[in-house]
Amino acid sequence: MKKVIAIIDIGKTNKKLFLFDEKFNVVFNNSKKFEEIKDDDGFPCDDIEAIENWIQNQIKTIQETGNFKIKAINFTTHGASLLFLNKEGKRITPLYNYLKPLNLDDFKNLYKTNGGVDEFSRKTASPAYGMLNTGIQMLSIKANKPRIWNQVDAILHYPQYLSYLFTKKITADFTSVGAHTATWDFDNMQYHSWLKDENINLPEPCKGNEAVMAVINGENIAVGTGLHDSSSSIIPILAKEKGNDFVLLSTGTWIIAMNPFSKETLTQEQLKNNCLCFMTPEKQQVKSSMQFLGRIHEVYLKELSDYFKVDLNTHLDLVLSNALCNELIDENATVFLSEGIDTDFEAHHEILNKFPSYESAYYQLVYEICKKVILGIDLITDKDAKITTVYISGGFNRNKVFVEFLSLLKPSVTIKMSDVKNESALGAALLMKNYL
């Protein structure tokens, strides 16, 4: 019977299960999409009960089938999501959607008491993102849902809640509390004092390679405390590079540039330009630039497809034109994006009238996206440091036009494609290697 580590990898769209063998090869995987339900305010949210049942049934089925011996389980999920438990250890809230609107004016007192929005955001490495700040989610429940709040005995981030399903242990980890939660003081590398002022008690984070032994369906299994997916994705490359400096460009709906080697604290200039900090499982800051550029790319792909009457994935079949890339760099025009921080994530049909062909429009769009990406990389690079390698993971590493523009705009760095698949899941598995 093959010994394996089971990883539950929860994205916003797909929920996945992977089994990794002793050489960290994937020997089994399964995925499922879940229909959204409505929360107690009528806003769409993930069906956490269905997800819980799916996870537990998957593990049980693998155990009963008998082909694999699960030695450890770990979890990786998207951030900005909390679950609230009562004294009996039962979940008392839906899994609120981080896209749910919040009025930041309701939290003026928090910001004012702690040095104002800019200073508080800098210190917690958390731009004022509303629901994307889980600390703000907590205060929202406290202020607006007192019936629920009065029952709250424990608060868990999403990965730790999934771990709790198997261990019944209340835990926290550095990657989750460090992911734009507004609860972590990056100047002092501990929970921010505002939590104590609000009588909110959160568990002390533990390192990511620590597991809890639990009996699951009659078998002893090491259960990890889970990780935030973006922070987990950098673990395999850190292991591969063994101390060589690099930036990881995680590409998808969000394009996130992550620098785990930055020693400088976050500045107001960086914060105002969509920079923040994540943390590694060992409590090390990861200076990051987080931009919603993949979303802009996504909406214009649809618009380009409709306007030029071509297939949605035509961009993947374009023959790379180095001459067109250089021509657009020389022109340095701005058509699709704003000069500063982008706030408009909708496609504008009339813009496409400027272009004679699909190719010319698409190249211009990607050029502007790449300029923003390079600015993000430069912002998270320490003054005296030289980044020589940029890894690209995710959907854009197959995009020849994207890679070419990055190479031309940043000739001092070597662009490498991450050959690691399922980075987040593999990162979570690597932390459990001692339990195999």
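Only a predicted model underlies this, so the values are computations on that prediction, with no experimental measurement involved.

Scanning all chains against the criterion turns up 19 aromatic pairs. Between Phe 28 and Phe 68, the aromatic rings sit 6.5 Å apart at their centres with planes inclined by 50°, giving tilted as the arrangement. Of this pair, Phe 28 sits in strand 3 (residues 26-32) while Phe 68 sits in strand 6 (residues 68-77), and the two are 40 residues apart along the sequence. Ring geometry for Phe 34 versus Trp 54: centroids 6.0 Å apart, planes at 80°, classification edge-to-face. Remark: Trp 54 occurs in helix 1 (residues 48-65) and Phe 34 occurs in the loop between strand 3 and strand 4 (37-38); sequence separation between them is 20 residues.

This paragraph deals with the sheet that holds strand 20 (residues 389-394). Pairing is mixed in the open sheet, where six strands are placed in the order 18-19-17-16-20-21. Each edge of the sheet is formed by a strand with only one pairing partner; in this case those strands are strand 18 (275-279) and strand 21 (414-417). Neighbour to neighbour, the strand axes of the sheet diverge by 25° on average, direction disregarded. Where strand 20 and strand 21 come together, four bridges link them in parallel fashion. By the bridge assignment for strand 21, Tyr 391 is matched with Lys 416. Where helix 14 (residues 358-379) meets the sheet, its contacts fall on strand 16 (247-251), strand 17 (255-259), strand 18, strand 19 (285-291) and strand 20, and the angle it forms with strand 19 comes to roughly 160°.

In summary, the side chains of a regular strand alternate between the two faces of the sheet. Where strand 13 (residues 211-216) and strand 14 (residues 219-224) come together, six bridges link them in antiparallel fashion. Considered in strand 14, the bridge of Ala 214 is made with Ile 221. Counted between consecutive antiparallel strands, the loop separating strand 13 from strand 14 contains two residues, among which Asn 217 sits at a positive phi close to 50°.

This part is about unusual backbone geometry. The phi dihedral of Ala 182 falls on the positive side, at around 65°, and the residue is not glycine. Within the element layout of this structure, Ala 182 appears in the loop between helix 7 (174-177) and strand 10 (184-185). Phi angles above zero are rare outside glycine, and Asn 199 is one such case at about 55°. Looking at where Asn 199 falls in the secondary structure, it is placed in the loop between helix 8 (194-197) and strand 12 (205-206).

Moving on, we come to the side chain of Thr 77. Along the chain, the position of Thr 77 falls in strand 6. Judged by relative accessible area, which is 0%, Thr 77 ranks as buried. Thr 77 has contacts with Ile 10, Tyr 158, Pro 159, Leu 162, Leu 227, His 228 and Asp 229, leaving out every residue within four places of it along the chain.

Bringing the nonpolar core into the picture now. One finds Ile 200, Leu 249, Val 373, Phe 402, Phe 405 and Leu 406 to be the most contacted residues of the largest nonpolar core, which totals 77 residues. Once you skip the residues sitting within four places of it in the chain, Phe 402 turns out to touch Leu 249, Thr 251, Ile 255, Val 366, Ile 369, Cys 370, Val 373, Ile 392 and Phe 396. Counting residues in each nonpolar core, the second largest holds 32 residues, with Ile 55, Ile 73, Leu 165 and Ile 221 among its members.

With that settled, consider the packing of helix 14 against helix 15 (residues 400-409). At a closest axis distance of 9 Å, the pairing of helix 14 and helix 15 adopts a crossing angle of 50°. Here helix 14 lies oblique to helix 15, going by the angle between them. Of the two possible hands of crossing, helix 14 and helix 15 adopt the one that is right-handed. Mapping the contact onto sequence places Tyr 362, Tyr 363, Val 366, Tyr 367, Ile 369, Cys 370, Lys 371, Val 373 and Ile 374 in helix 14 and Val 401, Phe 402, Phe 405, Leu 406 and Leu 409 in helix 15. Here the contact of helix 14 with helix 15 is built from residues that sort into 13 nonpolar, no polar and one charged.

Note on placement: Ser 262 falls in the loop between strand 17 and helix 11 (268-272). The exposure class assigned to Ser 262 is buried, which follows from its relative accessible area of 4%. Within polar-contact distance, the side chain of Ser 262 engages the side chain of Asp 382 at 2.7 Å. Setting aside chain neighbours within four positions, we find Ser 262 in contact with Gln 285, Lys 287, Ile 380 and Asp 382.

Now for the pattern of salt bridges. Side chains that carry opposite charge are capable of pairing whenever their charged atoms lie near each other. Applying the stated rule across the entire model yields 15 salt bridges. Between Lys 272 and Asp 118 there is a salt bridge, with its nearest N and O atoms 3.9 Å apart. With a gap of 154 residues between them, Lys 272 in helix 11 and Asp 118 in helix 3 (residues 116-123) connect regions that are remote in the sequence. Given a relative accessible area of 39%, Asp 118 falls into the partly exposed group.

Thresholds applied
- Residues numbered from 1 in each chain as written.
- Predicted model: local features only at pLDDT ≥ 70, side-chain atom pairs only at ≥ 80, totals over all residues.
- Heavy atoms only, no water.
- Phe/Tyr/Trp six-rings, centres within 6.5 Å; stacked < 30°, edge-to-face > 60°.
- Helix = DSSP H or I, 4+ residues; strand = E, 2+ residues; numbered from the N terminus.
- Pairing = 2+ DSSP bridges.
- Axes fitted to C-alpha atoms, helices over the stretch in contact; angles between N-to-C directions.
- Contact = heavy atoms within 4.5 Å.
- Buried < 20%, exposed > 50% of the residue type's maximum accessible area, 1.4 Å probe, protein only.
- Core = buried A, V, L, I, M, F, W, Y, C linked by side-chain atoms within 4.5 Å.
- Parallel < 35°, antiparallel > 145°, perpendicular 65-115°, else oblique.
- Left-handed = near helix turned anticlockwise from the far one by under 90°.
- Nonpolar A, V, L, I, M, F, W, Y, C, P; charged D, E, K, R; others polar.
- Polar contact = N/O pair within 3.5 Å; in protein donor to acceptor, adjacent residues only side chain to side chain.
- Salt bridge = Lys/Arg side-chain N within 4 Å of Asp/Glu carboxyl O.

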